[in-house]
Amino acid sequence: MKNALERLENLLEKEQFEKIKEIDNPYLHEFLAEWIEWLQPSKVFVCTDSPEDEEYVRWKALYYGEEKMLEMPRHTVHYDNYYDQARDKANTKLLVPKGVTLPFLNTMDREEGLREIREIMKGIMRGKELFICFFVLGPKNSVFTIPAVQLTDSAYVAHSEFLLYRKGYEEFVRMGPTRNFLKFVHSAGELDERKTSKNLDKRRIYIDLVDETVYSANTQYGGNTIGLKKLAFRLTIQRAVREGWLSEHMFLMRVNGPNGRKTYFTGAYPSMCGKTSTAMIPWENIVGDDLVFIKNLDGKARAVNVEIGVFGIIEGINEKDDPIIWKVLHSPVEIIFSNVLVKDGKPYWNGMGIPIPDEGENHSGKWWRGKKDKEGKEIPPSHKNARFTVRLEAFPNLDKEALENPCGVEVGGMIFGGRDPDTWPPVREAFNWQHGVITMGASLESETTAATLGKEGVRAFNPMSILDFLSVHIGDYIRNYLEFGRKLKKTPKIFAVNYFLRENGQWLNEKLDKAVWLKWMELRVHDDVGAIETPIGYIPKYEDLKTLFKQVLNKEYTKEDYEKQFKIRIPELLAKIDRIWKIYEPIDNIPEELFKELEAEKERLVKA
Ligand code: SPV
Ligand code: MN
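(A) Looking closely at the packing of helix α9 (residues 227-243) against helix α14 (residues 474-487). In contact at an axis separation of 9 Å, α9 and α14 are set at 55° when each is read in the N-to-C sense. Accordingly, the angle class assigned to the pair α9 and α14 is oblique. Here α9 runs over α14; the crossing is left-handed. Contacts from I237, A240 and V241 of α9 reach α14 at D476, Y477 and N480. The class makeup of the residues in the contact of α9 with α14 is 4 nonpolar, 1 polar and 1 charged.

(B) Spatial organisation of helix α19 (residues 592-607). Across its 16 residues, α19 extends 23 Å between first and last C-alpha, which sits within 8% of the 22 Å expected from 1.5 Å per residue. Of the residues making up α19, those classed as buried are L594, F595, E597, L598, E601 and L605. All buried residues of α19 fall inside an arc of 160° around its axis, so they share one side. Residues of α19 that are exposed and point more than 90 degrees away from the buried face comprise K596, V606 and K607.

(C) Representation of the packing of aromatic side chains in the model. Inspection of the entire model under this criterion finds 36 aromatic pairs. Ring centres of F337 and W349 lie 6.4 Å apart, and the angle between their planes is 20°; on these two criteria the pair is classed as stacked. With F337 in strand β19 (residues 335-338) and W349 in the loop between β21 (346-348) and β22 (360-362), the pair connects residues that are 12 residues apart, well separated along the chain. As far as burial versus exposure is concerned, F337 and W349 are alike and both buried. Aromatic pair F549 and Y557: ring centres 4.1 Å apart, planes at 10°, arrangement stacked. Taken together, the ring pairs in this structure connect W517, Y542, F549, Y557, Y562 and F566 into an aromatic cluster. Over the ring of F45 we find K19, and its NZ or CZ is 4.1 Å from the ring centre.

(D) Expanded view of the pattern of salt bridges. In the structure shown here, the tally under the stated rule is 62 salt bridges. Residues K384 and E456 are paired through a salt bridge, measuring 2.8 Å at the closest nitrogen-oxygen approach. Placement of the pair is K384 in the loop between β23 (365-368) and β24 (387-391) and E456 in the loop between β27 (445-447) and β28 (459-461), with a sequence separation of 72 residues.

(E) Here's a closer look at the site of ligand 1. Near ligand 1 the following residues occur: R87, Y221, G223, K229, K230, H249, S271, D290, F311, R387 and A451. Contact between ligand 1 and K230: an oxygen atom at 2.7 Å from a side-chain N or O atom of the residue. Relative to its unbound accessible surface of 280 Å², ligand 1 loses 97% to contact with the protein.

(F) Fine view of the sheet that holds strand β3 (residues 75-78). If you walk across this open sheet you meet the 5 strands as β2-β3-β19-β24-β18, and the pairing is mixed. The open sheet has two free edges, formed respectively by β2 (68-69) and β18 (309-313), since each of these has just one partner strand. Relative to β19, β3 runs parallel, the two being bridged by 4 bridges. Note on β19: the bridge partner recorded for V77 is F337.

(G) Spotlight on the coordination of the manganese ion (ligand 2). Protein coordination at the manganese ion (ligand 2) comes from K230 (NZ), H249 (NE2) and D290 (OD), with a distance range of 2.2 to 2.3 Å. Sequence positions of the residues that donate to the manganese ion (ligand 2) give the spacing K-x18-H-x40-D. Placement of K230 in helix α9 and of H249 in the loop between β12 (246-248) and β13 (250-256) is noted, with a sequence separation of 19 residues between them. The exposure classification of K230 matches that of H249, with both residues buried.

(H) Fine view of helix α1 (residues 4-11). Buried within α1 we find A4, R7 and L8. Along α1, the residues classed as buried sweep out an arc of 100° about the axis, all on the same side. Tucked inside the fold, the buried residues of α1 contact α2 (14-21) and α3 (26-39). Regarding α1, its N-cap is N3, as a side-chain oxygen of that residue lies 3.0 Å from the backbone nitrogen of L5 further along.

(I) Molecular detail of the confidence of the model for the protein chain. The pLDDT averaged across the protein chain works out to 97; a share of 100% of its residues lies at or above 70. Reported for the predicted complex are a pTM of 0.97 and an ipTM of 0.97.

(J) Region of the structure containing the side chain of H75. Along the polypeptide, H75 turns up in strand β3. On the accessibility criterion, H75 (2% relative accessible area) is buried. When residues no more than four places from it in sequence are discounted, the contact partners of H75 are K68, M69, L70, L329, S331, P332, V333, I335 and F337.

(K) Main features of the environment of I438. Take I438: it is sitting in helix α13 (residues 433-441). Note on I438: relative accessible area 0%, which makes it buried. Taking C-alpha positions, I438 is 9.7 Å from M464, a pair spaced 26 residues apart along the chain. For I438, the residues in contact, after removing those within four places along its chain, are S443, I478, L482, E593, L594, E597 and L598.

(L) Spotlight on the nonpolar core. Within the largest apolar cluster, 160 residues are counted, with the highest numbers of intra-cluster contacts made by Y477, Y481, W517, M521 and Y584. With near-sequence residues (within four places) excluded, Y477 lies in contact with I237, V241, E248, M464, I466, L470 and V472. Membership of the second largest hydrophobic core comes to 36 residues, among which are L8, V44, I117 and F134.

(M) Quick peek at the packing of helix α15 (residues 513-525) against helix α16 (residues 542-553). Interaxial distance between α15 and α16 falls to 9 Å at its minimum, and their mutual angle equals 120°. In terms of orientation, α15 and α16 fall into the oblique class. α16 is crossed by α15, and the crossing has right-handed handedness. Residue-level contacts link D513, A515, V516, W517, K519, W520 and L523 of α15 to L545, L548, F549, V552 and L553 of α16. Partitioning the contact of α15 with α16 into residue classes produces 10 nonpolar, no polar and 2 charged.

Rules of the game
- Residues numbered from 1 in each chain as written.
- Chains lettered and ligands numbered in written order.
- Predicted model: local features only at pLDDT ≥ 70, side-chain atom pairs only at ≥ 80, totals over all residues.
- Heavy atoms only, no water.
- Axes fitted to C-alpha atoms, helices over the stretch in contact; angles between N-to-C directions.
- Helix = DSSP H or I, 4+ residues; strand = E, 2+ residues; numbered from the N terminus.
- Parallel < 35°, antiparallel > 145°, perpendicular 65-115°, else oblique.
- Left-handed = near helix turned anticlockwise from the far one by under 90°.
- Contact = heavy atoms within 4.5 Å.
- Nonpolar A, V, L, I, M, F, W, Y, C, P; charged D, E, K, R; others polar.
- Expected span 1.5 Å × (residues − 1).
- Buried < 20%, exposed > 50% of the residue type's maximum accessible area, 1.4 Å probe, protein only.
- Arc of directions from axis to C-beta.
- Phe/Tyr/Trp six-rings, centres within 6.5 Å; stacked < 30°, edge-to-face > 60°.
- Lys NZ or Arg CZ within 6 Å of the ring centre and 35° of its normal.
- Salt bridge = Lys/Arg side-chain N within 4 Å of Asp/Glu carboxyl O.
- Near = heavy atom within 4 Å.
- Polar contact = N/O pair within 3.5 Å; in protein donor to acceptor, adjacent residues only side chain to side chain.
- Areas by Shrake-Rupley, 256 points an atom, 1.4 Å probe, with all protein chains shown as cover.
- Pairing = 2+ DSSP bridges.
- Donors = N, O, S within 2.8 Å, 3.2 Å for Na, K, Ca; no water.
- pLDDT = per-residue confidence, 0-100.
- Core = buried A, V, L, I, M, F, W, Y, C linked by side-chain atoms within 4.5 Å.

Next comes the structure, spelled out in structure tokens:
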């Protein structure tokens, strides 16, 4: 039997083989040889960190028709199959050894799952080109760095990754023989005439937790395919819980306090609940909008952005509310638009605040004109989950130093937020780490959105906004969180926000009010303002908010609005505690502290 390197020499053209040979890693060679033999691509391209190799991928995305050029230089559009434009939760499964049960999570017997996915992927790349790409998660040369290799036959997926992640070929060369890397194998499968995945009945996303490998087949939507994003996230959560750090679904941003003070916040919100738009508030500074690693370095919680780009929701982005994103989307930086409306080479989307064409190419087909789909549903101009992919360096408000710092930045505050119509006030602060982790993070509920396939607007339990991605037992996950805080010399303050309070069908807040909550939280991190103690934590005083509304938004803030927004909704809060209690109660292995905290909160509410 030939060794892996010899097999690769046979499988690859000379120039490509030379690139692989540079990496002295038999584990990588074995993985590559096995999968190239199995997938049977007709051509293989290996991406080093060179600009030429990246350019090759970009060009191939156009050549194979997965992307099309738009009028603005460096802008392209990509379409996914009409029924493949959000994460497919039902077909995303964690492959676990026999006997392992993970509450809430979609698991499958590992042996069986591997057999099925291998069968689906056998020869799936015949007639196609395979791209082998190397990236790292987190900054390079740091305690946070995690290397990863991606195999994909989608130049769109590879191109997206070049916008979203730091290049990692040199890192693989430097590392030499190690098993310490994550592996992703993706195939879009057979494509239709629009170059979108055709065999959706065989769409599968299988996450092998044992071998730290993710397989994704017959899908193109980024959340199902971009290996380093939500697929890697499952693997890094598992590592984090084993090793005692945090891998979270959070933005990372700088809030600018008085006298040039810089305070960093992380924020965990489910998809489509204001995460990106919070991180993009024009007068604050973004570091990242989706994923962070947080480690205890010298007793302090320090965070890095896992990524260097944004795969953001485009719906509702308009010049007034999102001036920075708006400007970036209209400048000639490299951007992939997906599932938007295109007319005469220009992209349009729902809620962009200007009149848009009533016909053109969109996510439903080559010619859309207010038609209905097979289910009789009206098709809007763009998909609700239509997205843009762009590097963070395009944003003038990027905190570049924080993005690149190998030691990350100290976290001053951690925010949890969901889409909650009737229970939580717009902002409040936890009494302490444990109170925040349990009654805010672990008790988060949010209405479902178009970011996943399925019904929208249903209140759903979503602890730490992570449930869609969790890969370990929820009890272990929460225990790790509590333990992480206990070991810190200085814990970040924990806050909860809710931008979605409604009364009689009316929003109680305007879109930019969140900018005021942020400034208040910044002041609280440094104990610069007082607060009112309530049964569920500390809430702002009216006078402080009034001043901040004036300073930040030049807006009058009435006592009447304050009272409506910040009244403590006791029956709703009690009902919520009951719901959360019932969710955790039947599960084994939930930390005792969770029930104690919930009980204490309930008592405070009953007495109030
Ligand atoms: C999200 O839905 O939370 C996203 C996009 O950030 S996805 O890659 O689909 O997860
Ligand atoms: Mn996300």
